[in-house]
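Summary of the model geometry
One-letter residues, chain by chain:
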2 protein chains.
Amino acid sequence: MSFLSKKYSSMEAYTPGEQPRDKKYIKLNTNESPYPASPKALEAINANEVKDLRLYPDPTCSELRESIAKRYGVEKENVFVSNGSDDILNFFFLGFCDEEKTAVFPDITYGFYPVYCNLYGVKYREIPLRDDFSVGVEDYLDVKANVVIANPNAPTGKTISLDDIKRILESNRDYACLIDEAYVDFGTESATKLVGEYDNLLVVSTFSKSRSLAGGRLGFAIASREIIEGLEKIKYSTNPYSINRLTLLAGKAAIEDEEYFEECRQKIIETREYTTRELEKRGFKVIPSKANFVFAKLDSIDGGSLYLKLKEKGILVRHFKKERIKDYLRITIGKREEMEKLIETIDILAQEPMLLGEETI
Amino acid sequence: MSFLSKKYSSMEAYTPGEQPRDKKYIKLNTNESPYPASPKALEAINANEVKDLRLYPDPTCSELRESIAKRYGVEKENVFVSNGSDDILNFFFLGFCDEEKTAVFPDITYGFYPVYCNLYGVKYREIPLRDDFSVGVEDYLDVKANVVIANPNAPTGKTISLDDIKRILESNRDYACLIDEAYVDFGTESATKLVGEYDNLLVVSTFSKSRSLAGGRLGFAIASREIIEGLEKIKYSTNPYSINRLTLLAGKAAIEDEEYFEECRQKIIETREYTTRELEKRGFKVIPSKANFVFAKLDSIDGGSLYLKLKEKGILVRHFKKERIKDYLRITIGKREEMEKLIETIDILAQEPMLLGEETI
């Protein structure tokens, strides 16, 4: 007998990117940074601090929140931190959505949003992206529901402007609007600067991508004091000590090291532009990306087959089976040499009759 | 406007033990271990691993689960791990309790259980402990509800026997029974050995106390494959990468270092017996404890006043305002010298007219 509540018997959980251990891959499938975290973050995890793992972390995460607040020009009371941005998204759907406050988000976006809705019984409506995969701002005006938009969107890498976000915020003042900025640092303007103006705005972000701390588990949110208080209430009703002691230290050092951040960010942007150019030269359609990944397809082969061919050659990328995007691959931007290897591999595959490949996954 | 769902407007969150930073205290208030984690656990967090924080952790936590399984003589499929045992308790109330499966637990126990129930709208019944603070096993037979019992119980430190747990499991075969073993390693027989026999048993435990990793955030559960699958489903529907990479390594090393574990455990048990004797000599009533804390009171002063007097003298203990236990203090067992300091301080206070103190908190 399973003992799990019957209401979850047909629920589909989220499937994270695979982490195979059968061999060493060039790993371009989960949007991690190819660069380690700031040297200052790595130094912050020293032997004395490791010894102190016997002690609970500060549940208020006071010092880290102060540093984040300073970086974004807000007050500590406008900052919430937790165990990865997924944790914060989870709190949002649990705490801020209900019978009256349903949710809307694009049909093509982070696949976890509908999972949360199903878990908590939150009704949701998926709004189709336009044909060019952009978010149609008119579709989100006066929707009488909480709005969730990833900017840039995943897995497309496309952005919406702050002016469009403002229009959405204006027309839904009684509803919360969550902007998921996991990938914002690779070339999009952050909505955090609108927080003072809109009490219904919740910006969620992460240290997993541009701060190279995916393994540390650290996400943050910036919003009005009232929204932050709501998130705190949910955290203190589920798991108050949610962040590892060492991660609190590493996160603080990482957010304070603007120079290193800028350096990594620029390298990734440059490598993205290189990758886009090289893929296009080879006939790929590449959606213009502002993230640390590109979303690309080749007309001559379906996404599932190309994914398999690349995996066979030791390169892991991400493929989604959803109808509208099943021809595409999401390819994380790694180091320049990793992307060169990807392009080389594509050139090798092009010489085989494989690009008419029959396998699918 | 708060935007938090109206259903949470009167919800009371959990209050963790205070972590004041105004001065250096002897910290006997959150049941941390006074000893650092196993040297092998500390070594596991080396510079190379820290560099790899750029990568996500293994969401299946495969190697850690294997080590835990080996230690408890079960299969990996019987082991679940997550971000602290609070995280697992949270999953239990969210996933395994509902309209039909309500919950019962003692009136005096870990104060987080009713918080989870209120969060998820789970109906619960608090069953009064007997006058001597023991769990009356008859009260839990055939209750037609999920049963949650901490063994040893907190904050009393009292235990129930495996025979009693068996009776509860037998009489509630269609309901899950969660045994919270956060403090089991300080002298109680673990119910994990019953997992093969009872598919309705879920044992929850933690690395925060006997494994000295409170700051690492690591809890585990041992249960039937079906219950573990249910917990996995909830984890993959909320936050799949729930454990820090470094904690996965430290936890594995800690669970494999039986010798160091045994050494720390024995020291804490000895110090607990010392503390109990010394408190009793000074007129305290001390509940016989099998945990890494004692629950004690003095007739001449209320718990709140004594808590304040000790805090003034630099010693932090925990006081609960709940009616039945408001005269007691929960005192974590620290190092021998910390407990000697506690006793000394009590002797000093006894010379003041304070033990008739008027302050309350």
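All figures in this text were calculated on a predicted structure; none of them were measured in a lab.

1. Re the overall build of chain A
Summing up its helical and strand segments, chain A has 11 helices and 12 strands in all. For 361 residues, the compact-globule estimate of 2.2 N^0.38 gives 21 Å, and the C-alpha radius of gyration of chain A, at 21 Å, lies within 12% of that figure. Referenced to the eigenvectors of the C-alpha coordinate spread, the extents of chain A come out at roughly 60 × 55 × 50 Å. Counting all 361 residues of chain A, 64% fall into the buried class. The long-range share in chain A, meaning contacts at least 24 apart out of those at least 6 apart in sequence, stands at 73%. Total accessible area on chain A stands at roughly 13,800 Å², and carbon and sulfur atoms take up 47% of it. Here chain A holds 52 positive side-chain charges and 60 negative ones, and the gap between their average locations is 3 Å.

2. Some words on the interface of chain B and chain A
Many structure descriptions define interface size as the accessible area lost when the parts assemble. Between chain B and chain A, the residue contacts involve 82 residues of the former and 82 residues of the latter. For the pair chain B and chain A, the summed buried surface comes to about 6,800 Å²; carbon and sulfur atoms form 56% of the total. Considering only the surface of chain B that becomes buried against chain A, Phe3(B), Arg54(B) and Tyr56(B) emerge as the three largest contributors, covering 12% of it. Remark: the boundary between chain B and chain A carries 2 salt bridges. Of the charged contacts, one joins Lys6(B) and Glu100(A) as a salt bridge, the two residues approaching to 3.3 Å between their closest N and O atoms. Our count for the chain B to chain A interface comes out at 48 residue pairs in polar contact (both at pLDDT 80 or more). Of the residues that constitute the side of chain B that touches chain A, the class distribution is 37 nonpolar, 24 polar and 21 charged.

3. Considering helix H6 (residues 162-171) of chain B
Residues and elements named next belong to chain B. If you check which residues of H6 are buried, you get Leu162, Ile165, Ile168 and Leu169. Taken down its axis, H6 places every buried residue within 115° of arc, on the same side. Looking at the packing, one finds that the buried side of H6 touches strand E5 (146-150), strand E6 (177-180) and strand E7 (201-206).

4. Re the domain arrangement of chain A
Residue and element names in this part refer to chain A. Considered domain by domain, chain A is made up of domain 1 (8-35 + 259-356) and domain 2 (39-256). A straight line from the C-alpha centre of domain 1 to that of domain 2 covers 25 Å. The partner domain 2 presents 34 residues to the 30 residues of domain 1 that form the contact. A combined buried area of about 2,600 Å² lies between domain 1 and domain 2, and 64% of that area is made up of carbon and sulfur atoms. Among the residues domain 1 hides against domain 2, the three largest losses belong to Tyr14, Phe261 and Arg324. Together they make up 28% of the total. Run the count over domain 1 and domain 2 and you get 2 salt bridges. The partner of Arg324 in a salt bridge is Asp107, with the nearest N and O atoms 2.9 Å apart.

5. Section: the sheet that holds strand E9 (residues 285-287) of chain A
Residue and element names in this part refer to chain A. With respect to topology, 3 strands assemble into an open sheet ordered E9-E10-E12, the strand pairing being antiparallel. Of all strands in the sheet, those with a lone pairing partner are E9 and strand E12 (328-332), marking the two edges. Across the sheet, the mean angle separating the axes of adjacent strands is 30° when strand polarity is ignored. With 5 bridges connecting them, strand E10 (residues 293-297) and E12 associate as antiparallel partners. When the sheet's bridge partners are listed, Phe295 is paired in E12 with Arg330.

6. Brief notes about the relation of the copies chain B and chain A
If you rotate chain B by 180° and push it 0.0 Å along the axis, it lands on chain A with an RMSD of 0.0 Å. Both copies of the chain, as the preceding transformation shows, are related through a two-fold rotation axis. No C-alpha of chain B approaches the rotation axis more nearly than that of Asn244(B), which lies at 3.6 Å. When the interface residues of chain B are mapped onto chain A, 100% of them again lie at the interface, so the same face is used by both copies.

7. Here's the deal with unusual backbone geometry
Going from Asn151(A) to Pro152(A), the amide bond is cis rather than trans, its omega being -5°. Structurally, the position occupied by Pro152(A) is in the loop between strand E5 (146-150) and helix H6 (162-171). A cis geometry characterises the amide bond from Ala154(A) onward to Pro155(A), with omega recorded as 5°. One can find Pro155(A) in the loop between E5 and H6. Not every positive phi belongs to a glycine, and Asn31(B) is a case in point at roughly 60°. Of note, Asn31(B) is situated in the loop between strand E1 (26-27) and helix H1 (39-44). Note on Asn31(B): relative accessible area 0%, which makes it buried. Positive phi is not limited to glycine here, since Arg217(B) has a value of about 65°. Here Arg217(B) shows up in the loop between E7 and strand E8 (219-223).

8. Observations regarding the packing of helix H9 (residues 258-281) of chain A against helix H11 (residues 336-351) of chain A
Residues and elements named next belong to chain A. H11 packs onto H9 with a crossing angle of 10° between their chain directions and a minimal axis gap of 10 Å. Judged on the interaxial angle alone, H11 and H9 are roughly parallel. Across the interface between the two elements, Thr271, Tyr274, Thr275, Glu278 and Leu279 of H9 pack against Arg336, Met339, Glu340, Leu342, Ile343 and Ile346 of H11. Taken together, the residues of the contact of H9 with H11 break down into 6 nonpolar, 2 polar and 3 charged.

9. Quick notes on the nonpolar core
The biggest cluster of nonpolar side chains holds 113 residues, and the ones touching the most others in it are Ile68(A) and Ile68(B). Those residues in contact with Ile68(B) that sit more than four places away from it in its chain are Val79(B), Val81(B), Phe207(B), Phe220(B), Ile222(B) and Ile255(B). By size, the runner-up hydrophobic cluster in this structure holds 73 residues, among which are Val204(A), Phe96(B), Val204(B) and Leu231(B).

10. Some remarks on helix H11 (residues 336-351) of chain B
All names here are of chain B. Between the first and last C-alpha of H11 there are 23 Å, a value that for 16 residues agrees with the 22 Å anticipated at 1.5 Å per step. Among the residues making up H11, those that are buried are Met339, Leu342, Ile343, Thr345, Ile346 and Leu349. For H11, the arc enclosing every buried residue in end-on projection is 160°, short of the 170-degree limit, so these residues lie on one face. Opposite the packed face of H11, turned more than 90 degrees from it, sit the exposed residues Glu337 and Gln351. Its buried side turned inward, H11 meets helix H9 (258-281), helix H10 (303-312), strand E11 (315-316) and strand E12 (328-332).

11. Considering the pattern of salt bridges
According to the stated counting rule, one finds 49 salt bridges over all chains in the structure shown. The shortest N-O distance in the salt bridge between Arg282(A) and Glu278(A) comes to 2.9 Å. Under the relative-accessibility criterion, Arg282(A) is labelled partly exposed at 27%. Overall, the relative accessible area of 12% leaves Glu278(A) in the buried class. Among the ionic pairs, Arg130(B) bridges to Glu138(B), the shortest N-O distance being 3.2 Å. Among the residues examined, Arg130(B) registers a relative accessible area of 41% and is labelled partly exposed. Salt bridges here are not isolated pairs; linked through shared partners, they connect Glu278(A), Lys281(A), Arg282(A) and Asp347(A).

12. Some thoughts on the packing of helix H3 (residues 62-72) of chain B against helix H8 (residues 245-256) of chain B
Residues and elements named next belong to chain B. Relative to each other, H3 and H8 sit at 20°, their axes nearing to 9 Å. With respect to their mutual orientation, H3 and H8 come out roughly parallel. Our pair here, H3 against H8, has a crossing hand that is left-handed. Of the residues in H8, those touching H3 at Glu63, Leu64, Ser67, Ile68, Arg71 and Tyr72 are Leu248, Gly251, Lys252, Ile255 and Glu256. Here the residues of the contact of H3 with H8 are counted per class, giving 5 nonpolar, 2 polar and 4 charged.

Rules used in this analysis
Chains are numbered independently. Their residues run from 1 in the order of the written sequence. Each chain is given a letter, starting from A, and each ligand a number, starting from 1, according to the order in which they appear as written. Confidence filtering applies because this is a predicted model: local features only for residues at pLDDT of at least 70, side-chain atom pairs given and counted only at 80 or more, and all residues used for totals across whole chains, interfaces and linings. Values shown for side chains rest on all heavy atoms present in the structure; no hydrogens or waters enter the calculation. Runs of E in the DSSP output that reach at least two residues are strands. Runs of H or I that reach at least four are helices, and both are numbered from the N terminus. All radius of gyration figures rest on C-alpha atoms, and the globule criterion is 2.2 Å times the number of residues raised to 0.38. For each residue, the accessible area found with a 1.4 Å probe, counting protein chains only, is set against the maximum for its type, and the residue is called buried under 20%, exposed over 50%, and partly exposed in between. Contact criterion: two residues are considered in contact whenever any of their non-hydrogen atoms come within 4.5 Å of each other. Accessible surface area values rest on a Shrake-Rupley calculation with a 1.4 Å probe, where residue burial reflects the displayed protein chains alone. We treat Lys and Arg as the positive residues and Asp and Glu as the negative residues; His and chain ends play no part in the count. Working definition for charges: the position is that of NZ of Lys, CZ of Arg, CG of Asp or CD of Glu. A 1.4 Å probe defines the accessible area here, and the buried area is the portion of it lost by two parts on being joined, summed over both. Any Lys or Arg side-chain nitrogen located within 4 Å of an Asp or Glu carboxyl oxygen qualifies as a salt bridge. A 3.5 Å cut-off defines polar contacts: any pair of N or O atoms within that distance qualifies, except that in protein one atom must be a possible hydrogen donor and the other a possible acceptor, and neighbouring residues in sequence count only when both atoms are side-chain atoms. Throughout this entry, Asp, Glu, Lys and Arg are counted as charged residues, while Ala, Val, Leu, Ile, Met, Phe, Trp, Tyr, Cys and Pro are counted as nonpolar. The remaining residues, Gly among them, count as polar. The arc in question is traced by the directions running from the helix axis to the C-beta atoms. Note that domain bounds follow an automatic or database assignment of domains. A strand pair is defined by DSSP finding two or more bridges across the two strands. What counts as an axis is a line fitted to C-alpha atoms, over the stretch in contact for a helix, and the angles between N-to-C directions run from 0 to 180 degrees. Here the copies are matched by least squares. The fit uses the C-alpha atoms of residues with pLDDT of at least 70 in both. What sets the label is the angle itself: under 35 degrees gives roughly parallel, over 145 gives roughly antiparallel, 65 to 115 gives roughly perpendicular, and the rest give oblique. To form a nonpolar core, buried Ala, Val, Leu, Ile, Met, Phe, Trp, Tyr and Cys residues must be joined to one another through side-chain atoms within 4.5 Å. To estimate how far a helix should extend, the number of its residues minus one is multiplied by 1.5 Å. We call a crossing left-handed when the near helix sits turned anticlockwise from the far one by less than a right angle, and right-handed when that turn is clockwise.

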